[in-house]
Amino acid sequence: MTLVDPAMSPGGGSPSGTEAEPDAGAAVTPPVCLPSPREPVAAEAAETAETAGSRFRWAGRLRRILPTPTGTPFTFVYGLVLLGTALFAELGDEATVNQLLRDSSTDAAHLADQPLVVLVASALWVAGGLYSLYGLFFAVVLSSLERRIGPARTAGVFLLGHVLATLATELPVAGAVAAGRLPEASLHRLDYGISFGVMASVGALSVLLRRPVGWALLGFAALLCAQDLIEFADPLASWGHPIALLTGMACGPFIRDRGGPGRVR
């Protein structure tokens, strides 16, 4: 007895050697695409690369703001000196620190006796020490200025503002004492710090920067000067800061590059 498969019989299905055609009414299941095991790894790698790129951009921005040994040698070396004197003022013997500050003071008496020594020595200290905002302004402003005009001209702007503002505020004191309008003790007032040089650098940088950044920086400096004049806690410093700011702005035509408002290196 032979068994016959109905599907293979002539009347029961497709002929032998041909594929059965699908029913037009039957639902067709779409193919399922399984994720490749490499896709999570690639996504993770892309995310890591993006994070590294963001950190690299932030590092580059910090390098353009803060002083570096190769990019801003004057600001970097000078900043280390200021950091050292600020640490000594904070941690050193109080009597020794006070004596050094008195010897470095650019008061009228010292200017008449040894002007070059005290003009240099007074610029080696930060008034307020480690907690002074002028230390931060020094690092940011002078490094930005030095990248545009170089170390020699940056040092020139800083020293010019420091010297002119000091003389413009101390010499009238000497004249007032000689005329009897001020007591003789005014000749020995304590006067030191980098604020005049920093303010002159702010004035020079505000001239070099493009608008509106330059105007914003100049406006901020003008507000600081106005606050000093309103409070008038230290008359010499209150007048010295706007004098130094104008000195730095006056340096603009002499430090600006011919090719534009300033180069960034």
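Small disclaimer: the values here were computed from a predicted structure and weren't measured.

Conventions we followed
- Residues numbered from 1 in each chain as written.
- Predicted model: local features only at pLDDT ≥ 70, side-chain atom pairs only at ≥ 80, totals over all residues.
- Heavy atoms only, no water.
- Helix = DSSP H or I, 4+ residues; strand = E, 2+ residues; numbered from the N terminus.
- Buried < 20%, exposed > 50% of the residue type's maximum accessible area, 1.4 Å probe, protein only.
- Contact = heavy atoms within 4.5 Å.
- Areas by Shrake-Rupley, 256 points an atom, 1.4 Å probe, with all protein chains shown as cover.
- pLDDT = per-residue confidence, 0-100.
- Patch = residues over 30% accessible without salt bridge, like charges linked within 9 Å, V, L, I, M, F, W, Y side chains within 5 Å.
- Salt bridge = Lys/Arg side-chain N within 4 Å of Asp/Glu carboxyl O.
- Core = buried A, V, L, I, M, F, W, Y, C linked by side-chain atoms within 4.5 Å.

What follows deals with the overall build of the chain. Tallying secondary structure elements over the chain gives 11 helices and 0 strands in all. Along the chain direction, N to C, the helices and strands of the chain fall in the order α-α-α-α-α-α-α-α-α-α-α. Within the chain, the fraction of its 265 residues that count as buried is 33%. Partitioning the intrachain contacts of the chain with sequence separation of at least 6 by distance along the chain shows that 75% fall at a separation of at least 24. Of the roughly 16600 Å² of accessible surface on the chain, a fraction of 66% belongs to carbon and sulfur atoms.

Okay, the environment of glycine 203 next. Looking at the secondary structure, you find glycine 203 in helix α8 (residues 195-208). Separated by 47 residues in the primary sequence, glycine 203 and alanine 250 place their C-alpha atoms 8.1 Å from one another. Aside from chain neighbours lying at most four places away, what touches glycine 203 is Leu245, Gly248 and Met249.

A few words on the confidence of the model for the chain. In the predicted model, the chain carries a mean pLDDT of 82, and the fraction of residues at 70 or more is 72%. For the stretch residues 1-20, pLDDT sits under 50, and the model shows 6 contacts to residues farther than four places along the chain or on other chains. Long-range and interchain partners of residues 258-265, a stretch whose pLDDT sits below 50, account for 15 contacts in this model, where long-range means more than four residues apart.

This part takes up a nonpolar patch on the surface. A cluster of nonpolar side chains, namely Leu80, Leu83, Leu87, Leu91, Leu130 and Tyr131, defines an oily patch on the protein surface of about 650 Å² accessible area. Inspection of the secondary structure puts leucine 87 in helix α2 (residues 73-91).

Moving on to the nonpolar core. Residues Phe138, Val157 and Ile194 are the most contacted members of the largest nonpolar core, which totals 30 residues. When residues of this core are traced back to their parent elements, those giving at least two are α2, α6 (133-149), α7 (151-178), α8, α9 (213-231) and α10 (235-250). The element that contributes the greatest number of residues to this core is α8, accounting for 8 residues. Dropping the residues within four chain positions of it, isoleucine 194 is found in contact with Tyr78, Leu82, Ala123, Trp125, Val126, Tyr134, Phe138 and Phe158. In terms of nonpolar packing, the next biggest core, distinct from the first, is built from 5 residues, Ala108, Val173, Val177 and Leu236 among them.

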